[in-house]
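Inside the fold
Spelled out from the first residue to the last, the chains are:
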Amino acid sequence: MASKYHAPSNRTRRPISILIVIGLCCFFYLIGVWQKSGSGKGDKLALAVTEQTADCNIFPPSTLDFESHHNYVEMIESSESKTKVYKSCDAKYTDYTPCQEQDRAMTFPRENMIYRERHCPPDDEKLRCLILAPKGYTTPFPWPKSRDYAYYANVPYKHLTVEKAVQNWVQFQGNVFKFPGGGTMFPKGADAYIDELASVIPIKSGMIRTALDTGCGVASWGAYLLKRNILAMSFAPKDNHEAQVQFALERGVPAVIGVFGSIHLPYPSRAFDMSHCSRCLIPWASNEGMYMMEVDRVLRPGGYWILSGPPLNWKIYHKVWNRTIADVKAEQKRIEDFAELLCWEKKYEKGDVAIWRKRINGKSCSRRKSANICQTKDTDNVWYKKMDACITPYPDVQSSDEVAGGELKKFPARLFAVPPRVANEMVPGVTIESYQEDNKLWKKHVASYKRIVSLLGTTRYHNIMDMNAGLGGFAAALDSPKLWVMNVVPTIAENTLGVVYERGLIGIYHDWCEGFSTYPRTYDLLHANRLFTLYQDKCEFEDILLEMDRVLRPEGLVILRDGVEVLNKVRKIAAGLRWETKLIDHEDGPLVPEKIFVAVKQYHVEGDDDQNTQNDE
């Protein structure tokens, strides 16, 4: 009798319970929607729920080991479609550089080094396979030992040890290369050479932080500047002096494949504190001074230009160079005339070295005003843009003692000080407040990364690239003498690279639909914030990920920050690259739709059993 009596009451409660459950589901769904994606500042109620559910992280980071290893982790693949597994490339592609390949280069004109510039393959010729390391490849020496030594197996080319034997570029000893710090124009070593420059240039003051080394060789100048807290962007062409840039990066020195040719250098105006040419073989006196004008564009007001080698000291060396006195004397005269036209003040000339300083503004430079001034309004719009023999105008100033474009603080203060381009509202959408907020956010993000990857910030990850650098917040938060960051600003993103340089960091413009100007296996860590969201309608994710695999060293690390849907697509492709991967919640918890993707590239070398694995179409 009792059960019959209560039956109607139970039937009444059932619909009410269902409605309550549905209501709660909708409530918590709305909380997730209200949370701001990726900002780290979600709705207060949502954050409260996040804190209460912090132990429910479905992607726990503790299971991913970032020490050196060769083991796979089990991948859970979607049942919707089978993962495409990428085959390994033929061994002949071990040093493949897609946009600087020799065979393609030789089909272009040699005038103004056009054939040495970037020439990328069309989509149907892209090499969609995995570049294997050479047999015997070993993790490079840790910094600072890597500055002086590199394993022969990693860069198996002895050409420079013969070609530059008397100039102390590189020596072969047993199974390693030794870099004694010499150079064509500094036989006493890079340290002694830099000391000579420091007698004129305030290298120790903190005012000199970024440098450009044109025609860098194996980048010993940049290597020895690192210990003086100066970052040099070194570049050299991929030419018959095989593996110059590859050696530089193997040593742990910032460098890219590049050349003074017919298009602008991929750097913003007013970027570098000094620019350097040590027997770089660039024809400074030709093309109406076009190359000196390009140096002037990228040189900060008050910056220095250093020239060592021909045609300087021609009285001593003209016979060695097999040139007439009249020829080399006239060449130096043309260089001096162009420097005067640019209003560079000569500060030093002794022996093989001369130093000029660019004036801080154009107030006292009537010659410059009467010259051919570039008409473009955007002096930073340089990607694949033709270089002309014209002078980039200074930003306007009110007085003769004002630094054009704004005065910078000494490093390291300038790392977090408000950059002049931000203070002067030269970057659309970026204010002083948003810049400072960005710094706080990246300090928080980097602290989170270090909890996930305990070795981040140590010499384990020395060569680092930020593939979508923004204002340089990641690099600034990570800044350490133990590492450097190549800050890449995509050509389709907001142009913030000038801000990056004003902070005392280095970087480059690039389009990630193309190959990067570097050799394979040159970076220890790749970081990207919202890169795949930026490119999701521009080119294929697989091409970007294959390029990442190419430039990443075996057992190198990838950290991506993006929306969960995008990262699930990335993770599926990464499985075909045979990366170990984990998807980790945002530091503010699982309700934030932005996630952190962490991956480790596996160790594969020529001759591994999987070398002939075919694509699963």
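Residues numbered from 1 in each chain as written. Predicted model: local features only at pLDDT ≥ 70, side-chain atom pairs only at ≥ 80, totals over all residues. Heavy atoms only, no water.

An unreviewed UniProt entry lists the protein chain under the name Methyltransferase, with Nicotiana attenuata given as the organism. Database annotation for the protein chain, UniProt heading Sequence similarities (unreviewed entry): "Belongs to the methyltransferase superfamily." (UniProt positions renumbered as here; feature names shortened; annotations may be inferred.)

**Things to note about the state of the cysteines**
Using the criterion set out here, one finds 6 disulfides in the structure. Each disulfide pairs two cysteine sulfurs, and for C99 the partner residue is C120, the sulfurs being separated by 2.0 Å. Across the disulfide from C99 to C120, rotation about the S-S bond amounts to roughly 110°, and the bridge is consequently right-handed. Highlighted residues: C99 in the loop between α2 (44-52) and α3 (102-105) and C120 in the loop between α3 and β1 (149-151), separated in sequence by 21 residues. Between the sulfur atoms of C513 and its disulfide mate C539 the distance is 2.3 Å. Measuring handedness by torsion sign, the sulfur bridge of C513 and C539 sits at about -90° and is left-handed. One end of the pair, C513, is in the loop between β13 (506-510) and β14 (523-529); the other, C539, is in the loop between α16 (531-535) and α17 (541-551), with 26 residues separating them in the sequence. Each member of the pair, C513 together with C539, is buried. Taken N- to C-terminal, the disulfide-bonded cysteines of the protein chain are connected 1-4, 2-3, 5-6, 7-8, 9-10, 11-12. (Disulfide = S-S within 2.5 Å. Helix = DSSP H or I, 4+ residues; strand = E, 2+ residues; numbered from the N terminus. Buried < 20%, exposed > 50% of the residue type's maximum accessible area, 1.4 Å probe, protein only.)

**Considerations on the environment of Y86**
You can see Y86 is positioned in the loop between α2 and α3. Through-space distance from the C-alpha of Y86 to that of L546 is 9.2 Å; in sequence the pair is 460 residues apart. A distance of 2.5 Å separates polar atoms of two side chains, one belonging to Y86 and the other to E542. (Polar contact = N/O pair within 3.5 Å; in protein donor to acceptor, adjacent residues only side chain to side chain.)

**Brief notes about the side chain of R421**
Along the chain, R421 turns up in helix α12 (residues 420-423). On the accessibility criterion, R421 (5% relative accessible area) is buried. Residue contacts for R421: discarding those within four places in its chain leaves S269, R270, D380, M426, V427, G498, V499 and E502. (Contact = heavy atoms within 4.5 Å.)

**Re the environment of M387**
As for its position among the elements, M387 is in the loop between α11 (366-370) and α12. In this structure, the C-alpha to C-alpha distance between M387 and S262, residues 125 residues apart in sequence, is 5.6 Å.

**As for the nonpolar core**
Residues Y267, M274 and W284 are the most contacted members of the largest nonpolar core, which totals 138 residues. Once residues within four sequence positions are removed from consideration, M274 is found in contact with I201, I203, I208, T210, A211, L212, W221, L225, I230, L299, Y304 and I306. Counting 9 residues, the second largest nonpolar core, distinct from the first, contains A150, V155, V170 and F177. (Core = buried A, V, L, I, M, F, W, Y, C linked by side-chain atoms within 4.5 Å.)

**Examining the packing of aromatic side chains**
Summed over the entire model, instances satisfying the criterion amount to 24 aromatic pairs. A connected cluster of aromatic rings, assembled from ring pairs, spans F235, F260, W284, Y291, W305, W344 and W356. Its guanidinium or amino end placed over the ring of Y149, K145 lies 5.9 Å from that ring's centre, counting from NZ or CZ. Of note, R147 hangs over the ring of Y224, and the distance from its end group to the ring centre comes to 4.0 Å. (Phe/Tyr/Trp six-rings, centres within 6.5 Å; stacked < 30°, edge-to-face > 60°. Lys NZ or Arg CZ within 6 Å of the ring centre and 35° of its normal.)

**Some words on the packing of α17 against helix α18 (residues 564-576)**
Viewed as axis vectors pointing N to C, α17 and α18 meet at an angle of 60°, and their least axial separation amounts to 10 Å. Classed by the angle they form, the pair α17 and α18 counts as oblique. The element α17 and its partner α18 pack so that their crossing is right-handed. Residues F541, E542 and L545 of α17 form the contact with α18, whose participating residues are V566, K569, V570 and I573. Considering only residue class, the contact of α17 with α18 consists of 5 nonpolar, no polar and 2 charged. (Axes fitted to C-alpha atoms, helices over the stretch in contact; angles between N-to-C directions. Parallel < 35°, antiparallel > 145°, perpendicular 65-115°, else oblique. Left-handed = near helix turned anticlockwise from the far one by under 90°. Nonpolar A, V, L, I, M, F, W, Y, C, P; charged D, E, K, R; others polar.)

**Digging into the pattern of salt bridges**
Counted according to the given criterion, the structure contains 38 salt bridges. Because the salt bridges share partners, they merge into one network encompassing K84, D123, K126, R128, E542 and D543. (Salt bridge = Lys/Arg side-chain N within 4 Å of Asp/Glu carboxyl O.)

**Details of the sheet that holds strand β5 (residues 231-236)**
Pairing in this open sheet of 7 strands is mixed, and the strands run β6-β5-β4-β7-β8-β10-β9 from one edge to the other. Pairing within the sheet leaves two strands with one partner each, and these edge strands are β6 (255-257) and β9 (344-350). Going across the sheet, the axis of each strand differs from the next one's by a mean of 20°, ignoring polarity. Relative to strand β10 (residues 353-358), β9 runs antiparallel, the two sharing 6 bridges. Considered in β10, the bridge of K346 is made with W356. Here helix α7 (residues 244-251) sits on the sheet in contact with β5 and β6, set at roughly 155° to β6. Sheet contacts for helix α10 (residues 325-341): β8 (299-308), β9 and β10; angle to β9, the most-contacted strand, approximately 145°. (Pairing = 2+ DSSP bridges.)

**What about α10?**
When the terminal C-alpha atoms of α10 are compared, their 24 Å separation across 17 residues agrees well with the 24 Å that a helix rising 1.5 Å per residue should span. Looking only at α10, the buried set comprises V328, E331, Q332, I335, F338 and A339. The buried residues of α10 occupy one face: seen down the axis, they fall within an arc of 120°. Check the buried side of α10 and you find it contacts α8 (290-298), β8, α9 (314-317), β9 and β10. Positive phi appears at C343, one or two residues downstream of α10, with a value of about 65°. (Expected span 1.5 Å × (residues − 1). Arc of directions from axis to C-beta.)

**Topic: the pairing of strand β15 (residues 552-563)**
Counting buried residues in β15 gives 12 out of 12 residues, a clear majority hidden from the surface. Taken together, the 6 bridges between β14 and β15 define a ladder with parallel strand orientation. Across the sheet, H527 pairs through a bridge with I559, a residue of β15.

**Regarding unusual backbone geometry**
Across the junction of W143 and P144, the peptide omega takes the value 10°, indicating a cis bond. Here P144 is to be found in the loop between α3 and β1. Between F411 and the following residue, P412, the backbone shows a cis peptide bond with an omega angle of 15°. Locating P412 in the fold gives a position in the loop between α11 and α12. In this model, L281 sits at a positive phi of 65°, which is unusual for a non-glycine residue.

**Re the sheet that holds strand β2 (residues 171-173)**
One open sheet holds the 3 strands; their spatial order is β1-β3-β2, and the pairing between them is antiparallel. Only two strands of the sheet have a single neighbouring strand rather than two, namely β1 and β2. Each strand of the sheet is rotated relative to its neighbour by a mean of 30°, with strand direction disregarded. Summarising the sheet, β1 and strand β3 (residues 176-178) pair through 3 bridges and their orientation is antiparallel. Of the residues in β3, the one forming a bridge with A150 is F177.

**A look at the side chain of K358**
Mapped onto the elements, K358 comes out in strand β10. On the accessibility criterion, K358 (4% relative accessible area) is buried. Within the structure, the side chain of K358 is placed 2.7 Å from the backbone oxygen of D296, a separation counted as a polar contact. Among the polar contacts listed, one links the side chain of K358 to the backbone oxygen of L299, at a separation of 2.8 Å. If near-sequence neighbours (up to four positions away) are discounted, K358 is found in contact with D296, L299, R300, P301, G302, G303, W344, R368 and Y394.

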